[in-house]
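These are the residues of each chain, in order.
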Amino acid sequence: MNSILPSFRDLPSTPTSIAAATRPPPSKASAPTDSPLIFDPTSDIVSSWNHVFLIICIMALFIDPLYFFIPYVGGPACLASDASMGVFITVLRSMADLLYLINMLMKFRTGFIAPNSRVFGKGELVMDAREIALRYLKKDFVIDLAATLPLPQFVIWVLIPTTRNSMTDHANSTIALIVLLQYVPRLFIIFPLNNKIIKTNGILAKTAWAGAAYNLLLYLLASHVLGAIWYLCSIARQFSCWNHECAREHASRTVACIPSFLDCNSLKKPERQYWVNVTSVLTNCDVSNQEVDFKFGMFAAAFTNDVASKNFVVKYLYCFWWGLRNLSSYGQNLNTSIYIWENIFAISICLFGMVLFALLIGNMQTSLQSMTVRIEEWRLKRRDTEEWMRHRQLPEDLQQRVRRFVQYKWLATRGVDEEFIFKSLPLDLRREIQRHLCLSLVRRVPFFSQMDDQLLDAMCERLVSSLSTEGNYIVREDEPVNEMLFIIRGQLESSTTGGGRSGFFNSITLRPGDFCGEELLTWALMPNSTLNLPLSTRTVRAVSEVEAFSLQAEDLQFFAHQFKRLQSKKLQHAFRYYSHQWRTWGACFIQAAWRRFKKRKMAKELMARENSFYYRTSGEEDGYYYNIEDVEEGPDMDSAEGTSTSAMNDSHNHPQLGATVLASRFAKNTMRGSTVTFVDPSADGLKMPKMFKPKEPDFSLDRTKNV
């Protein structure tokens, strides 16, 4: 004991610290893990159970009217009950009651949103078991209990057997009364459950076909209930005729008619067999006899077609068809008698049919029309577009291009406004969706494969889908470039005239994985980029239907200033390698250099041939021969002057001194002209236009600022 309690020396001095030190540690029983299980009303489990329980409630409403088919005409002027049918219906009803009980237990463990917390947002979720139980007991417990109690089973298997003097008609009336009374709370359960599902999920059915099937099922349920009530009323009307005629015979004392004779349990009694042979009840209650005073009205079909004595399947199908036919036609084909309750029933059929047809069939039509609402909207937009083009008198080629674009956009998006959907989502969810949709497609672009995931994620957030049809111009030469396009599907034709220079034209085909508008990236990478957008050096036109992603100018400028990795040498070299503008500039530069080389070589060869021919003709006239190779080896001025001096020193050995001096001077002038570049006038037409090198960003200023 002393080892467990703390000593006074170990206790703190202050009262607060003493209370904290002596406070017992929290027990594991008070931990949240051991608290009773409480479900969130918006969780998937509760939502799935609500959908399942809604179907169970509808099936239970189908089961209860089956009790009306238990009585049948078992012989001449007598009613009987189908015991095997009663057992089968009781089993189904007991299973439904068990599921109703499970739903009650679920409600004791399902939280709710506090009503006073719904001022802003979703509201505060109450998960306290006591508060949940008190709220349920005050609100829905009584209705759920009334719907769950097994009253028909109690009447059939307990109440009726204990009442020995109960006749068949009394039992049928009791069962019908109990079923109809319990049908009301079961209907009250369906409608709040339906609204709860809609409030939680926004919709009752995920697809239009499911919504249409649900409304059709409710309409068939109403027909099923109406047919069962009509059958039970027909049996009651027949029994009323038998009872009336029996009472009249008994009052006239002509034949001893006992009410127990109308029960099929008395078929084997001798007095009952004698009564059947002498009574007029069968004749006066025969539906086919037109001379009888008793009128069956709209219930006559149950006996003229001998429905009341058939097996369950035949009986049920005929009654279901009767209810569906008269509910759909609002009871217009009914032939009623002057019996007051029969006319009230006919009026109820007419009103009930109109309400159900307007409500359920209207909802079913709305669900089915929602499947084609996009098509109808697209048809109206297309009609408006056609009227606008005719009103503005657009040329036929422009009209065809507009039609192709509208058709292609419909095939690509199915009329869904993707921008509206994206803007309604939170930022993080938009980022994940963009990454899922764009990342795999962006990686197809070779230039993007050099970037890391962080930069690609940032680009995926700002990428916008772009659609172009055949013949559309993306950008024209010398126009401002406002977006950079990355091709996913289709082909583009990119051409340039070198700024409008005559004799120059270059055209390439851009395929999936290529991009255009690279002038915008060069402009964005410049530290001192202005607000003026760069001009396009090429004309880009769609050769086929093109699907692409585009980056706007402000987005590229944001990436250039936010991510310095775009300014790395590796990405710059990758950009130059995959840029068709740089490839075109390199090809034109190599081609111009090669042509200049070929031109200089041709000029040199032509000059050598002319000099050789000139010296050869001059040497023949003067008696001297010059070797052109010796001239090319010494083209400078000093060698020419040396040749002239040596010729003058030897002038006494040669008779034509003056001719020698003139020849040396001419040779000197010729050698001086060989150092000048020869320009062929005929080569002016072959002059290659200058192809400007694409501008490179100068990062020295940015580094100086950072330093």
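Residues numbered from 1 in each chain as written. Predicted model: local features only at pLDDT ≥ 70, side-chain atom pairs only at ≥ 80, totals over all residues. Heavy atoms only, no water.

1. A few points about the overall build of the chain
Here is step 1: A count of helices and strands for the chain gives 26 helices and 12 strands.
Here is step 2: Each of the 707 residues in the chain was classed as buried or not, and the buried ones make up 37%.
Here is step 3: A separation of at least 24 residues holds for 74% of the contacts in the chain among residues at least 6 apart in sequence.
Here is step 4: Carbon and sulfur atoms make up 60% of the accessible area of the chain, which totals about 42,800 Å². (Helix = DSSP H or I, 4+ residues; strand = E, 2+ residues; numbered from the N terminus. Buried < 20%, exposed > 50% of the residue type's maximum accessible area, 1.4 Å probe, protein only. Contact = heavy atoms within 4.5 Å. Areas by Shrake-Rupley, 256 points an atom, 1.4 Å probe, with all protein chains shown as cover.)

2. Looking at the pattern of salt bridges
Here is step 1: If you walk through the whole model with that rule in mind, you get 14 salt bridges.
Here is step 2: Between R383 and D384 there is a salt bridge whose closest N-O contact spans 3.9 Å.
Here is step 3: Look at D384 and you get partly exposed, because its relative accessible area is 42%.
Here is step 4: For R541, the salt bridge identified is with E493, shortest N-O distance 2.8 Å. One end of the pair, R541, is in strand 11 (residues 539–542); the other, E493, is in strand 8 (residues 492–496), and 48 residues separate them in sequence.
Here is step 5: With relative accessibility at 26%, the residue R541 sits in the partly exposed group.
Here is step 6: The structure contains a network of salt bridges with shared partners spanning D64, R93, D97 and R186. (Salt bridge = Lys/Arg side-chain N within 4 Å of Asp/Glu carboxyl O.)

3. Re the UniProt feature "transmembrane region" (unreviewed entry) in the chain
Here is step 1: Following the UniProt record, one finds the feature "transmembrane region" (unreviewed entry) at residues 52–73, 85–102, 172–191, 212–232 and 338–361.
Here is step 2: Span residues 52–73 is 55% helix and 14% strand, its end C-alpha atoms 38 Å apart.
Here is step 3: Strand forms 0% of residues 212–232 and helix 100%; the C-alpha atoms that close the span are 31 Å apart. (UniProt positions renumbered as here; feature names shortened; annotations may be inferred.)

4. A few points about the sheet that holds strand 6 (residues 473–475)
Here is step 1: A sheet is described by the order of its strands in space; here 4 strands give the open sequence 6-11-8-9, paired in antiparallel fashion. In this open sheet, the two edge strands, each paired with only one partner strand, are strand 6 and strand 9 (506–510). Along the sheet, successive strands turn relative to each other by an average axial angle of 25°, direction set aside.
Here is step 2: As defined by bridge partners, strand 6 adjoins strand 11 across 2 bridges and the pair is classed as antiparallel. Its bridge partner lying in strand 11, V475 is registered against V540. (Pairing = 2+ DSSP bridges. Axes fitted to C-alpha atoms, helices over the stretch in contact; angles between N-to-C directions.)

5. Section: the packing of aromatic side chains
Here is step 1: Under the definition given, this model contains 19 aromatic pairs.
Here is step 2: When the ring of Y136 is compared with that of F141, the centres are 5.9 Å apart and the planes differ by 85°; the resulting orientation is edge-to-face.
Here is step 3: Accessibility expressed as a relative area gives 5% for Y136, which makes it buried.
Here is step 4: Geometrically, the ring pair formed by F296 and F303 is tilted, given 5.8 Å between the ring centres and 55° between the ring planes. Both residues of the pair, F296 and F303, belong to the buried class.
Here is step 5: Put simply, the rings of F69, Y231, F312, Y316 and F320 touch in pairs and so form one group of aromatic residues.
Here is step 6: When the ring centre of F112 is taken as reference, the NZ or CZ atom of R135 above it lies at 4.4 Å. (Phe/Tyr/Trp six-rings, centres within 6.5 Å; stacked < 30°, edge-to-face > 60°. Lys NZ or Arg CZ within 6 Å of the ring centre and 35° of its normal.)

6. Remarks on the side chain of N50
Here is step 1: The topology assignment puts N50 in helix 2 (residues 44–63).
Here is step 2: Among residues more than four places away in sequence, those in contact with N50 are L193, K196 and I197.

7. Topic: the nonpolar core
Here is step 1: F53, W230, W242, W275, W322 and F345 are the most contacted members of the largest nonpolar core, which totals 81 residues.
Here is step 2: Elements supplying a minimum of two residues to this core: helix 2, helix 3 (83–108), helix 7 (168–201), helix 8 (208–252), helix 9 (270–278), helix 11 (301–304), helix 12 (312–328) and helix 13 (340–369).
Here is step 3: In terms of residue count, the dominant contributor to this core is helix 8 (17 residues).
Here is step 4: Beyond its immediate sequence surroundings of up to four residues, W275 is in contact with A77, E249, V255, A256, C257, F261, L262 and V281.
Here is step 5: One finds F448, A458, I488 and I508 within the second-largest nonpolar core, a separate group that totals 44 residues. (Core = buried A, V, L, I, M, F, W, Y, C linked by side-chain atoms within 4.5 Å.)

8. Section: the packing of helix 3 against helix 4 (residues 129–139)
Here is step 1: One can describe the packing of helix 3 onto helix 4 by two numbers: an axis separation of 8 Å at closest approach and a directional angle of 130°. By the angle class used here, helix 3 and helix 4 are oblique. The segment helix 3 lies against helix 4, with M104, K107 and F108 engaging I132, A133, Y136 and L137.
Here is step 2: Here the contact of helix 3 with helix 4 is built from residues that sort into 6 nonpolar, no polar and 1 charged. (Parallel < 35°, antiparallel > 145°, perpendicular 65-115°, else oblique. Nonpolar A, V, L, I, M, F, W, Y, C, P; charged D, E, K, R; others polar.)

9. Description of the sheet that holds strand 12 (residues 546–552)
Here is step 1: Ordered in space as 5-12-7-10, the 4 strands form an open sheet in which the pairing is antiparallel. Sheet topology places strand 5 (464–468) and strand 10 (515–516) at the edges, where each strand pairs with a single neighbour.
Here is step 2: Sheet analysis places strand 7 (residues 483–489) next to strand 10, joined by 2 bridges and oriented antiparallel. Across the sheet, F486 pairs through a bridge with F515, a residue of strand 10.
Here is step 3: Packing against the sheet, helix 19 (residues 518–525) makes contact with strand 7, strand 10 and strand 12, and its axis sits at approximately 135° to strand 7.

10. Focus on the state of the cysteines
Here is step 1: A full pass over the atoms with the stated rule returns 2 disulfides.
Here is step 2: One disulfide in the model links C78 with C264; its S-S distance is 2.2 Å. In this structure, the disulfide formed by C78 and C264 twists by about 85° around the S-S bond and is classed as right-handed. Of this pair, C78 sits in strand 2 (residues 78–81) while C264 is found in the loop between helix 8 and helix 9, placing the two residues 186 residues apart along the sequence. You'll find C78 and C264 in the same group, each marked buried.
Here is step 3: Through a disulfide, C241 is tied to C285; the S-S separation comes to 2.1 Å. Negative torsions about the S-S bond denote left-handed disulfides, and the value of about -100° found for C241 with C285 makes this one left-handed. Of this pair, C241 sits in helix 8 while C285 sits in the loop between helix 10 (281–284) and helix 11, placing them 44 residues apart in sequence. (Disulfide = S-S within 2.5 Å.)

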